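# Structural description and commentary
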Amino acid sequence: MSIQTTPQGERTQIVIFGKRNAGKSSVLNALTGQQMAIVSDVAGTTTDPVGKAMEILPIGPCMITDTAGLDDEGELGKKRMEKSLAALHKADIALIIIDINTYSEEIFASGRGVSETEYKIIEKISEKNIPYILVLNQTDRMERTEAEKLRQLAAEKNGGASVVLVSAETNDGIEALKQEIIKKLPKEDKDLKLLGDLVNPGEIVVLVTPIDSAAPKGRLIMPQQQTIRDLLDHHAACVVTQVEELTGVLESLRGQVKLVVTDSQAFREVDMVVPKEIRLTSFSILFARKKGNLQTLIDGVRAVENLKDGDRVLIAEGCTHHRQCEDIGTVKIPNLLKKYTGKELSLEWSSGTGFPEKLSEYALVIHCGGCTLSEKEMKYRLEKAGHEAVPIVNYGIFLAYANGILERSIEVFPDISV
């Protein structure tokens, strides 16, 4: 990730649904003003959900996900639709694209104002309390008065739902669609802090960022970048160092350091160096607070004590990346888990959007910090684990617990208990 780029998890998540050839990709291109998606008259051109990170003025940084047609056919089509529906877990708002020229009196007589296919996705969207907009596309092929009549009928039949007329071909109505998206977006706080509420302007925070074989060449990883930006946004000062230089840095800043934040992999070494009067936590724990429910993750770590030989443990990551020889998810955590429990466990892995639909077969889920996931998607995963009574913990909390320093690592959060 470029340090100038807004992280995916911090962008407004817009998900586009609709039948094949309704014009989903064309609407995406019109919204962005770019040819971001392939447009074709051939049904089913979009086969998998594809996310496009971009800036849409005046909305700001967005992630628009174009999905496969909801009327896809065959066994492969069924799998494509399942992936399309999974995109709802992260959606801030959904756009349902409908070819206005396919409307008929039969549809309106049904009392729904949409076809059965579109009605089903509206039901699923409504169950999740996600705002949505019906987008009647290809209005350039119809008289304006007739299109407006259909728009009013669609709104009436759907309980006053937002319905917008557009032509992706001529860009007519696209600006109105943008304004409707802004109006419908949830008014919740999209600027939850990592540690801006924990430090005052001018205070110094030391960030310990090991540069080892797993570190990306020439840049910092996303959690480190986001933490630095958060501190700068709140006019605090940050000093970035490695484990080997930490003692000298703390000595030179004696009495001035408010907090030390470390990569979770270095928890044990950093704990031995940082004086007890200086608070200590990790990037992963900070993201647990920002993206999900920190108390739930802390409660989940105690399940480690109950693991038995043969238990299945899922190690889940929100992103996909090239595995290095000392990778935290496939090497370091498995080794520490085996050493701490002394059990022969069955370990499984998931990454990116591939979070399992069924968790009940696992005795424990150990999740990454979720820096690439939106708050909504991370909370979905936590809620899913809770619904299936499967304990879940994240990397940083597990590493702090296994190294005997969990209590110290959460002292910075007075409302959280071990």
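See the structure printed just above.
What comes next is a walk through the structure. Everything quoted here is computed from the prediction, not taken from an experiment.

### A few points about the overall build of the protein chain
Assigned secondary structure in the protein chain consists of 15 helices and 14 strands. Among the 418 residues that make up the protein chain, the fraction classed as buried is 52%. Taking all contacts inside the protein chain whose residues are at least 6 apart in sequence as the whole, residues at least 24 apart take part in 75%.

### A word on the sheet that holds strand S6 (residues 162-165)
Read across the open sheet, the six strands follow the order S2-S3-S1-S4-S5-S6; overall the sheet is mixed. Both outer strands of the open sheet, strand S2 (50-56) and S6, are each paired with one neighbouring strand and no more. Direction aside, neighbouring strands of the sheet carry axes that sit 25° apart on average. Alignment of strand S1 (residues 12-18) against strand S3 (residues 60-66), held across five bridges, turns out to be parallel. Residue pairing in the sheet places Ile16 in a bridge with Asp66 of S3. Relative to S3, helix H1 (residues 24-32) is tilted by about 170°, and along the sheet it contacts S1, S2, S3, strand S4 (93-99) and strand S5 (132-137). Sheet strands touched by helix H4 (residues 116-127): S1, S4 and S5. Its angle to S4, the strand with the most contacts, is close to 170°.

### Things to note about the environment of Lys19
Secondary-structure assignment places Lys19 in the loop between S1 and H1. For Lys19, a relative accessible area of 26% puts it in the partly exposed group. If we skip the residues at most four places from it in the chain, Lys19 touches Lys24, Gly69, Leu70, Asp71, Ile97, Ser115, Thr117 and Glu118.

### Section: the sheet that holds strand S10 (residues 279-282)
Pairing is parallel in the open sheet, where four strands are placed in the order S8-S7-S9-S10. Strands at the two margins of the open sheet, each flanked by one partner only, are strand S8 (237-241) and S10. Strand-to-strand twist of the sheet, defined as the mean angle between neighbouring strand axes without regard to direction, takes the value 25°. With four bridges connecting them, strand S9 (residues 257-262) and S10 associate as parallel partners. Within S10, the position partnered with Thr262 by the bridge is Ser282. Set on the sheet, helix H7 (residues 222-233) makes contact with strand S7 (204-208) and S8; between it and S7 the angle comes to about 175°.

### Points about the packing of helix H12 (residues 328-341) against helix H14 (residues 395-402)
Interhelical geometry of H12 versus H14 gives an angle of 35° and a closest axis separation of 11 Å. Every pair of crossing elements has a handedness; the one defined by H12 and H14 is left-handed. The residues of H14 that touch H12, namely those facing Ile328, Gly329, Ile333, Leu336, Leu337 and Tyr340, are Tyr395, Phe398, Leu399, Tyr401 and Ala402. Looking at the contact of H12 with H14 residue by residue, the class counts come to 10 nonpolar, one polar and no charged.

### Description of empty space enclosed by the protein
Taken as a whole and assessed by the stated rule, the structure comprises two cavities of 30 Å³ or more. Here the second largest cavity is characterised by a volume of approximately 40 Å³. In this structure, the second largest cavity is lined by Phe287, Ala288, Lys291, Gly292, Asn293, Leu297, Cys368, Gly369, Met378, Leu382 and Asn394. Going through the elements one at a time, helix H10 (283-291) and helix H13 (375-387) are the ones with two or more residues in the lining of the second largest cavity. Tallying contributions element by element places H10 first for the lining of the second largest cavity, with three residues. Looking at side-chain class alone, the lining of the second largest cavity contains six nonpolar, four polar and one charged residues.

Criteria and cut-off values
- Residues numbered from 1 in each chain as written.
- Predicted model: local features only at pLDDT ≥ 70, side-chain atom pairs only at ≥ 80, totals over all residues.
- Heavy atoms only, no water.
- Helix = DSSP H or I, 4+ residues; strand = E, 2+ residues; numbered from the N terminus.
- Buried < 20%, exposed > 50% of the residue type's maximum accessible area, 1.4 Å probe, protein only.
- Contact = heavy atoms within 4.5 Å.
- Pairing = 2+ DSSP bridges.
- Axes fitted to C-alpha atoms, helices over the stretch in contact; angles between N-to-C directions.
- Left-handed = near helix turned anticlockwise from the far one by under 90°.
- Nonpolar A, V, L, I, M, F, W, Y, C, P; charged D, E, K, R; others polar.
- 1 Å grid on protein atoms, 1.4 Å probe; cavity = no way out; pocket = protein on both sides within 12 Å on 5 of 7 lines; lining within 4 Å.
- Points joined across faces, edges and corners; volume = space filled by probe spheres on them.

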